[in-house]
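The residues making up each chain are set out below.
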Amino acid sequence: MTALIPRPPARPAPGVVLLPGWLDADEQRHLVRACRQWARPPAGMRRTRLPGGGTMSVRTVCLGRHWEPYRYVRHVDGEPVKPLPAWLADLGRRAVADTGLADTERPYAPDLALVNFYDAAATMGLHQDRDERSPAPVVSLSLGDTAVFRLGNTRGRSRPWTDMELESGDLLVFGGPARLAYHGITRILPGTGPADIDLAAGRLNITLRESGFSSSEDGFLSGGEGVVKTPHTLTK
Ligand SMILES: O=C(O)CCC(=O)C(=O)O
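An account of the accompanying structure is given in this report. Note that the coordinates shown come from a computational prediction; the quantities given were computed from them, not determined experimentally. (Residues numbered from 1 in each chain as written. Predicted model: local features only at pLDDT ≥ 70, side-chain atom pairs only at ≥ 80, totals over all residues. Heavy atoms only, no water.)

A look at the sheet that holds strand β4 (residues 55–63)
If you trace the 8 strands from one edge of the open sheet to the other, you get β1-β2-β14-β11-β16-β9-β4-β3, paired in antiparallel fashion. Of all strands in the sheet, those bounded by a partner on one side alone are β1 (10–13) and β3 (46–49). Going from strand to strand, the sheet's axes swing by 30° on average, the running direction of each strand aside. In the sheet, strand β11 (residues 138–144) pairs with strand β14 (residues 171–174) via 4 bridges, with the strands oriented antiparallel. Directly across from V139, in β14, lies its bridge partner V173. Its contacts with the sheet place helix α2 (residues 86–99) against β1, β2 (16–19), β4, β9 (112–118), β11, β14 and β16 (203–209), and it is angled at close to 75° to β14. (Pairing = 2+ DSSP bridges. Helix = DSSP H or I, 4+ residues; strand = E, 2+ residues; numbered from the N terminus. Axes fitted to C-alpha atoms, helices over the stretch in contact; angles between N-to-C directions. Contact = heavy atoms within 4.5 Å.)

See below:
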């Protein structure tokens, strides 16, 4: 949806940049169509089971490596994870450059992506993205319905936090001092997505990340606390 009053770029915390409407409608449509392909089996979109017995309310498909609590693996249900396309990694590089958060010494080189689909009832509890070894930023692209994104702090799940609406086409990058900030999605605003991106309902979010693992390595880092099983994360 084109805003009547353009939303300006924002820096809600050190290391965090929001560029509203960064993706145009063609780019959004292209990404939605790509997500639809990636969602298909094998190694397609699914609800993640949590060790405590619950299931996440978002549905997820991964590229490059598959995330499961709390590690990255290269196969899912015995099938190889779909590769991260070079064009998507390029988009991630351009995203980081446009936010001004690029490391001048080292080009951003994402090797994996999580693609989450939120229906109207889906949420994601406050968590840190800490199953990656690399300190490189996380690039987040939003498509479809608006979401309320809660940006917390690096110390824990309690306040202070900042709530911001992520609309279709928005780019959010968090790195540096905010790379391990707790964050989550508290609400989806149904019916707010644009009509012309080929997504009838719901929200897609793509996060690009650098794993920091070598190509032959699986990743076991956080020891079980990366994504928090807060009650609203779960659909039982
Ligand atoms: O959907 C979003 O904007 C956030 C996704 C997220 O926090 C994650 O994939 O770890």
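Points about the sheet that holds strand β10 (residues 124–127)
The strand order across the open sheet built from 4 strands is β10-β15-β12-β13, with neighbouring strands paired in antiparallel fashion. In this open sheet, the two strands that pair with only one neighbour each are β10 and β13 (162–166). Within the sheet, the average angular offset between the axes of one strand and its neighbour, ignoring direction, is 25°. Sheet topology note: the strand β12 (residues 146–151)/β13 ladder contains 5 bridges and is antiparallel. Bridging from a neighbouring strand, V148 pairs with E165 of β13.

Notes on the pattern of salt bridges
When charged atoms on two side chains of opposite charge get close, those side chains can pair. Taken as a whole and judged by the stated rule, the model has 15 salt bridges. Between D129 and R209 there is a salt bridge; the shortest N-O distance is 3.4 Å. Taken together, the residues D129 in the loop between β10 and β11 and R209 in strand β16 connect sequence positions 80 residues apart. Side by side, D129 and R209 carry an identical accessibility label, which is buried. Here R179 ties to E132 by a salt bridge, and the two come within 2.8 Å at their closest N and O atoms. Of this pair, R179 sits in the loop between β14 and β15 (183–189) while E132 sits in the loop between β10 and β11, and the two are 47 residues apart along the sequence. Judged by relative accessible area, R179 falls into the buried class, the value being 5%. We classify E132 as buried; its relative accessible area is 7%. (Salt bridge = Lys/Arg side-chain N within 4 Å of Asp/Glu carboxyl O. Buried < 20%, exposed > 50% of the residue type's maximum accessible area, 1.4 Å probe, protein only.)

Things to note about the nonpolar core
The biggest cluster of nonpolar side chains holds 32 residues, and the ones touching the most others in it are L88, V139 and L141. Mapped by element, the contributors of at least two residues to this core are β2, α1 (25–39), β4, α2, β9, β11, β14 and β16. Ranked by size, the runner-up nonpolar core spans 27 residues in total, among them L18, Y70, Y118 and V138. (Core = buried A, V, L, I, M, F, W, Y, C linked by side-chain atoms within 4.5 Å.)

Quick notes on the pairing of β16
Regular strands place their side chains on alternate faces of the sheet. Most of β16 sits inside the fold, with 7 of its 7 residues counted as buried. Residues of β16 alternate between two faces, with R203, N205, T207 and R209 on one and L204, I206 and L208 on the opposite face, all of them buried. For β9 and β16, the ladder comprises 7 bridges, and the chain directions are antiparallel. Its bridge partner being in β16, N116 is matched across the sheet by N205. Bridge analysis of β11 against β16 gives 6 bridges, and the strand direction is antiparallel.

Looking at α1
Its 15 residues place the ends of α1 21 Å apart at the C-alpha level, agreeing with the 21 Å of an ideal helix rising 1.5 Å per residue. Buried within α1 we find Q28, R29, L31, V32, A34, C35 and W38. Sitting at the head of α1, D24 places a side-chain oxygen 3.1 Å from the backbone nitrogen of D26. (Expected span 1.5 Å × (residues − 1). Polar contact = N/O pair within 3.5 Å; in protein donor to acceptor, adjacent residues only side chain to side chain.)

Some details on the site of the ligand
What surrounds the ligand is the set N116, Y118, M124, H127, D129, F149, H183, I185, R203, N205, T207 and R209. One of the side-chain nitrogen or oxygen atoms of N116 is found 3.0 Å away from an oxygen atom of the ligand. Taking D129, its side chain carries an N or O atom lying 3.1 Å from an oxygen atom of the ligand. Considered on its own, the ligand offers 290 Å² of accessible surface; in the complex 96% of this is hidden by protein. At the level of secondary structure, the elements contributing two or more residues to the shell around the ligand comprise β9, β10, β15 and β16. The biggest single contributor to the shell around the ligand is β16, with 4 residues. Grouping the constituent residues of the shell around the ligand by class yields 4 nonpolar, 5 polar and 3 charged. (Near = heavy atom within 4 Å. Areas by Shrake-Rupley, 256 points an atom, 1.4 Å probe, with all protein chains shown as cover. Nonpolar A, V, L, I, M, F, W, Y, C, P; charged D, E, K, R; others polar.)

Read these as geometric descriptors, not functional statements.
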